[in-house]
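# Remarks on the overall topology
What follows is the residue order along each chain.
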Amino acid sequence: MTEPTRFTNLEVAESVKAPTFTVKAMIAGATAVEKADSYALAAAEKNTLIKCEMTAASKVLTLGLPEGQMAVVKNVGATNAFTVKNIATDTGTSLAVGKSLLVFAGKAKDTNVVIALD
């Protein structure tokens, strides 16, 4: 086996910088929503956990989260699935009764990352 090269006199010509991270503000908390019609969250309702029930069929919950924010949306209803969108022009994702979605808000239409949790 060949011996590794050992440097005894080493000079660094450039400075080494630690990586920088940007952390976006995230609202922590829970929101409970029960509506009979499609609904867009108000600013104070944009929390990390959104427990929602739509009491009528074929409705839409619009989150309106800023880019980079995430939320877990749980359908706590007993009878109706509903569509979850981040912005009104998104295609949306259907959320069945008793199921949850993890939503990472994107910058533009249909750029959100949506993951079914159960």
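Scroll up to find the structure.
Turning our eyes to something else, we now look at the overall build of the chain. Looking only at helices and strands, the chain has 0 helices and 9 strands in total. Taking the intrachain contacts of the chain between residues at least 6 apart in sequence as the baseline, contacts between residues at least 24 apart amount to 26%. Accessible area for the chain stands at about 7900 Å²; split by element, carbon and sulfur atoms hold 56% of it.

Turning next to a nonpolar patch on the surface. Together, Phe104, Val113, Ile115 and Leu117 make up an exposed nonpolar region whose accessible area comes to about 320 Å². Within the fold, Ile115 resides in strand β9 (residues 113-116). When its relative accessible area of 37% is taken as the criterion, Ile115 is described as partly exposed.

Turning our attention to unusual backbone geometry. Positive phi, normally seen in glycine, also occurs at Ser58, with a value near 60 degrees. Look at Ser58 and you get exposed, because its relative accessible area is 69%. In this structure, Asp110 takes a positive phi of about 55 degrees despite not being glycine. Tracing the chain through its elements places Asp110 in the loop between β8 (100-104) and β9.

Grouped together as the largest cluster of nonpolar side chains are 16 residues, with contacts concentrated most on Ile50, Leu61, Leu63, Val73, Phe82 and Val84. For this core, the leading source of residues is strand β3 (residues 49-54), giving 3 residues.

The subject of this paragraph is the side chain of Asn47. Locating Asn47 in the fold gives a position in the loop between β2 (39-40) and β3. Note on Asn47: relative accessible area 8%, which makes it buried.

Turning our attention to the sheet that holds strand β7 (residues 93-95). Pairing in this open sheet of 4 strands is mixed, and the strands run β2-β4-β6-β7 from one edge to the other. Edge positions in the open sheet fall to β2 and β7, since each of these has one partner strand only. When strand β4 (residues 59-62) meets strand β6 (residues 82-85), the two strands line up parallel, connected through 4 bridges. Following the sheet pairing, Val60 is matched in β6 by Thr83.

Reading guide: rules and limits
- Residues numbered from 1 in each chain as written.
- Predicted model: local features only at pLDDT ≥ 70, side-chain atom pairs only at ≥ 80, totals over all residues.
- Heavy atoms only, no water.
- Helix = DSSP H or I, 4+ residues; strand = E, 2+ residues; numbered from the N terminus.
- Contact = heavy atoms within 4.5 Å.
- Areas by Shrake-Rupley, 256 points an atom, 1.4 Å probe, with all protein chains shown as cover.
- Patch = residues over 30% accessible without salt bridge, like charges linked within 9 Å, V, L, I, M, F, W, Y side chains within 5 Å.
- Salt bridge = Lys/Arg side-chain N within 4 Å of Asp/Glu carboxyl O.
- Buried < 20%, exposed > 50% of the residue type's maximum accessible area, 1.4 Å probe, protein only.
- Core = buried A, V, L, I, M, F, W, Y, C linked by side-chain atoms within 4.5 Å.
- Pairing = 2+ DSSP bridges.

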